[in-house]
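Descriptive analysis of the structure
Listed below, chain by chain, are the residues.
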Amino acid sequence: KTTTTKTTTNTADPSSSTSSSMQLQQPLAEDGNFYYCTICKAPGDVVCCDGCPQVFHKQCIPQDDPSRIALEGDVEPWYCPDCFQDHQ
(Lines give C-alpha, C1' and ligand atoms only; values in the text may rest on other atoms or scores of the structure.)
Protein backbone atom coordinates (compact mmCIF):
# COMPACT_ATOMS: atom_id res chain seq x y z
CA LYS A 1 0.00 0.00 0.00
CA THR A 2 1.38 3.37 -0.92
CA THR A 3 0.86 6.70 0.76
CA THR A 4 -2.12 8.32 -0.89
CA THR A 5 -4.12 11.46 -0.50
CA LYS A 6 -7.85 11.24 -1.06
CA THR A 7 -10.73 13.64 -0.94
CA THR A 8 -13.61 12.29 1.08
CA THR A 9 -17.19 13.31 0.54
CA ASN A 10 -19.10 10.85 2.71
CA THR A 11 -22.00 12.60 4.44
CA ALA A 12 -22.30 10.23 7.43
CA ASP A 13 -22.12 12.02 10.79
CA PRO A 14 -18.61 11.67 12.26
CA SER A 15 -19.65 13.18 15.61
CA SER A 16 -20.43 9.74 17.00
CA SER A 17 -16.70 8.92 16.81
CA THR A 18 -15.38 11.00 19.69
CA SER A 19 -12.89 8.56 21.19
CA SER A 20 -10.27 6.27 19.73
CA SER A 21 -12.29 3.20 20.74
CA MET A 22 -15.31 4.56 18.92
CA GLN A 23 -13.12 5.52 15.96
CA LEU A 24 -13.41 1.93 14.75
CA GLN A 25 -17.12 2.50 14.11
CA GLN A 26 -16.39 4.95 11.32
CA PRO A 27 -17.48 3.75 7.90
CA LEU A 28 -14.63 2.37 5.82
CA ALA A 29 -14.03 3.53 2.28
CA GLU A 30 -13.44 1.05 -0.52
CA ASP A 31 -9.68 1.37 0.10
CA GLY A 32 -10.14 0.10 3.68
CA ASN A 33 -9.45 3.46 5.33
CA PHE A 34 -11.73 5.71 7.32
CA TYR A 35 -13.43 8.72 5.70
CA TYR A 36 -12.72 11.26 8.44
CA CYS A 37 -9.56 12.73 9.90
CA THR A 38 -8.71 10.96 13.14
CA ILE A 39 -7.88 14.27 14.86
CA CYS A 40 -10.56 16.75 13.74
CA LYS A 41 -13.21 14.25 12.54
CA ALA A 42 -13.77 16.19 9.29
CA PRO A 43 -13.65 14.91 5.68
CA GLY A 44 -11.37 16.40 3.06
CA ASP A 45 -7.90 15.85 1.63
CA VAL A 46 -6.55 13.22 3.98
CA VAL A 47 -3.43 11.05 4.07
CA CYS A 48 -3.94 7.33 4.62
CA CYS A 49 -1.78 5.46 7.14
CA ASP A 50 -0.06 2.37 5.74
CA GLY A 51 -0.35 0.57 9.09
CA CYS A 52 -3.99 1.06 10.06
CA PRO A 53 -7.28 2.45 8.66
CA GLN A 54 -6.81 5.94 10.14
CA VAL A 55 -6.56 9.03 7.94
CA PHE A 56 -5.30 12.52 8.75
CA HIS A 57 -5.26 16.01 7.33
CA LYS A 58 -1.59 16.93 7.07
CA GLN A 59 -2.26 20.17 8.93
CA CYS A 60 -3.85 18.30 11.86
CA ILE A 61 -0.63 16.41 12.65
CA PRO A 62 1.68 18.52 14.88
CA GLN A 63 4.63 19.90 12.90
CA ASP A 64 7.18 18.37 15.27
CA ASP A 65 5.62 14.88 15.20
CA PRO A 66 7.96 12.30 13.61
CA SER A 67 5.18 11.05 11.33
CA ARG A 68 4.53 14.59 10.04
CA ILE A 69 8.25 15.00 9.36
CA ALA A 70 8.23 11.68 7.46
CA LEU A 71 5.14 12.79 5.51
CA GLU A 72 6.79 16.04 4.48
CA GLY A 73 9.87 14.07 3.40
CA ASP A 74 7.76 11.76 1.21
CA VAL A 75 8.88 8.71 3.21
CA GLU A 76 7.08 5.57 2.08
CA PRO A 77 5.41 3.68 3.53
CA TRP A 78 3.92 6.42 5.71
CA TYR A 79 2.70 5.65 9.23
CA CYS A 80 0.41 7.79 11.35
CA PRO A 81 1.38 9.11 14.80
CA ASP A 82 -0.20 6.01 16.42
CA CYS A 83 1.68 3.51 14.23
CA PHE A 84 4.96 5.35 13.67
CA GLN A 85 6.90 3.97 16.66
CA ASP A 86 5.80 0.40 15.93
CA HIS A 87 7.33 0.56 12.44
CA GLN A 88 10.75 2.07 13.24
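Residues numbered from 1 in each chain as written. Predicted model: local features only at pLDDT ≥ 70, side-chain atom pairs only at ≥ 80, totals over all residues. Heavy atoms only, no water.

What about the confidence of the model for the protein chain?
Considering every residue of the protein chain, the mean pLDDT works out to 79; 72% of them sit at 70 or more. Throughout residues 1-6 the model reports pLDDT below 50, and contacts reaching past four residues in sequence, or to other chains, amount to 28 contacts. With pLDDT under 50 throughout, residues 8-24 is counted as low confidence; its partners more than four residues away or in other chains account for 24 contacts. (pLDDT = per-residue confidence, 0-100. Contact = heavy atoms within 4.5 Å.)

Some points on unusual backbone geometry
Residue P77 is bonded to the preceding E76 through a cis peptide linkage, with omega at -5°. Tracing the sequence through the fold places P77 in the segment after α2 (66-72). Phi at D74 is positive, roughly 55°, even though this residue is not glycine. Tracing the backbone through its elements, the reader meets D74 in the segment after α2. Residue classification places D74 among the exposed positions, given a relative accessible area of 66%. (Helix = DSSP H or I, 4+ residues; strand = E, 2+ residues; numbered from the N terminus. Buried < 20%, exposed > 50% of the residue type's maximum accessible area, 1.4 Å probe, protein only.)

Observations concerning the side chain of S67
You can see S67 is positioned in helix α2. In contact with S67, not counting residues within four places along its chain, are I61, W78, Y79, C80, P81 and F84.

Describing the packing of aromatic side chains
Per the counting criterion, the structure on display carries two aromatic pairs. Ring centres of Y35 and Y36 lie 6.4 Å apart, and the angle between their planes is 55°; on these two criteria the pair is classed as tilted. On the accessibility criterion, Y36 (1% relative accessible area) is buried. Plain terms: the ring middles of F56 and W78 are 6.1 Å apart, the flat faces sit at 75° to each other, and that makes the pair edge-to-face. Here the residue F56 occupies a position in strand β3 (residues 55-56), and W78 occupies one in the segment after α2, the gap between them amounting to 22 residues. For F56, a relative accessible area of 3% corresponds to the buried category. (Phe/Tyr/Trp six-rings, centres within 6.5 Å; stacked < 30°, edge-to-face > 60°.)

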